[in-house]
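Listed below are the residues making up each chain.
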Amino acid sequence: MKKYLVIGNPIDHSLSPKLQNWWLKENNIDATYDKIKLEVHEIKNFIQEIKEQRIAGCNVTVPFKKTVIPFLDKLSREAEETQSVNTIIFDNGDLVGHNTDIAGFDTAIKKLNFSLRGKKVLILGAGGVVPSIIFALKNMHVQEIIISNRTKEKAENLRVLFNDLKILEWGNLTDFHMIINATSLGLNNEKINLDFSSLGDDKLFYDVIYNPHETNFLKMGKQLGHKIENGKTMFIYQALEAFKLWHKIEPKVNTDTFKLLEND
């Protein structure tokens, strides 16, 4: 029986095992999928276990999406350009890092029917999934991407990958068509202390957090009459792309898939 894992720290909140095991069962695949919390010094040995095929493959979540790269043999183009890996496969003797977050975010936005061409997007946060979101937004032909992060240096470091980013001091606000919370603020009911009351209409508030279903950030957007969306659709479709890479099968996504994750 093949073994797949998701690694991260923290990892308790991850619903990846619930979703991946559901798909494994639906497709009669003899494999298991679990989650494991690792420390930085344990990454090298863990990756070696994939190389030796004691583990068949893995997903990578915060804070290890860049940490794993030196231990891999190859990167997909998307992983290379974002310096972010969330899926590792073993292919013809090589460990290959992929980035399926880009496709997950792209699909999520397309399903909202919210055109971002020529629009301004403000991203709160600079770590984890942010390079993937920027990559996807550029493919959507946005006009401008603005980054605001509590540690300004981290936001400025993203300019190494994307040199036309605008940087905004944390706590300030500028006009936008879409705002994305890519921080961890909201996982434990925290609030983001920004005043959105004088922004005008028809904005999209997007939170990469999917558990809880509605963060304080999204509740604020909703109260002001804006469109809101959490990260669940992105999560499902990045997982779908990973499943395809490992098993060469496209799993079904339907109302049952979303219901499966509803109570968490």
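Look a little higher up for the structure.
So, how was this worked out
Residues numbered from 1 in each chain as written. Predicted model: local features only at pLDDT ≥ 70, side-chain atom pairs only at ≥ 80, totals over all residues. Heavy atoms only, no water. Pairing = 2+ DSSP bridges. Helix = DSSP H or I, 4+ residues; strand = E, 2+ residues; numbered from the N terminus. Contact = heavy atoms within 4.5 Å. Axes fitted to C-alpha atoms, helices over the stretch in contact; angles between N-to-C directions. Phe/Tyr/Trp six-rings, centres within 6.5 Å; stacked < 30°, edge-to-face > 60°. Buried < 20%, exposed > 50% of the residue type's maximum accessible area, 1.4 Å probe, protein only.

A.B. asks: How would you sum up the sheet that holds strand β12 (residues 227-229)? Please name residues and give values.
C.D. replies: Neighbouring strands of a sheet are bound in pairs by backbone hydrogen bonds; such pairs are parallel or else antiparallel. Read across the sheet, 6 strands follow the order β9-β8-β7-β10-β11-β12 without closing on themselves; strand pairing throughout is parallel. Looking along the sheet, the strands with just one partner apiece sit at the ends: β9 (166-167) and β12. The pairing of strand β10 (residues 178-181) with strand β11 (residues 204-207) spans 4 bridges and is parallel. Across the sheet, Asn181 pairs through a bridge with Asp207, a residue of β11. Packing of helix α4 (residues 101-112) onto the sheet brings it into contact with β10, β11 and β12, and relative to β11 it is tilted by some 145 degrees.

A.B. asks: Give a description of the sheet that holds strand β5 (residues 87-91) that names residues and reports values.
C.D. replies: On the basis of which strands lie adjacent, the open sheet formed by 6 strands has the order β2-β1-β3-β5-β6-β4 and mixed pairing. Whereas interior strands pair on both sides, the edge strands pair on one side only; in this sheet they are β2 (31-37) and β4 (74-75). Across 5 bridges, β5 lies against strand β6 (residues 94-98) in antiparallel orientation. Across the sheet, Ile89 pairs through a bridge with Val96, a residue of β6. Relative to β2, helix α1 (residues 16-26) is tilted by about 175 degrees, and along the sheet it contacts β1 (2-8), β2 and β3 (57-60).

A.B. asks: If you had to explain the packing of aromatic side chains to someone new, which residues and values would you point to?
C.D. replies: Enumeration according to the criterion identifies 10 aromatic pairs in this entry. The interplanar angle of 80 degrees and the centroid separation of 6.2 Å between the aromatic rings of Phe196 and Phe217 together place this pair among those described as edge-to-face. With Phe196 in the loop between β10 and β11 and Phe217 in helix α7 (residues 216-223), this residue pair connects regions lying 21 residues apart in the sequence. Like Phe217, Phe196 is buried. Clustering of aromatic rings is evident, with ring pairs tying together Phe176, Phe196, Phe205 and Phe217.

A.B. asks: Can you explain the pairing of strand β8 (residues 144-148)? Please cite residues and give values.
C.D. replies: With 5 of its 5 residues buried, β8 lies for the most part within the structure. Of the two faces of β8, the one lined by Glu144, Ile146 and Ser148 and the one lined by Ile145 and Ile147 are each fully buried. Bridge count between strand β7 (residues 120-124) and β8: 5 bridges; the pairing is parallel. Across the sheet, Leu122 pairs through a bridge with Ile146, a residue of β8. Two strands pair when backbone bridges link them, and β8 and β9 are joined in this way by 2 bridges, in the parallel orientation. The residue of β9 that forms the bridge with Ile146 is Lys166.

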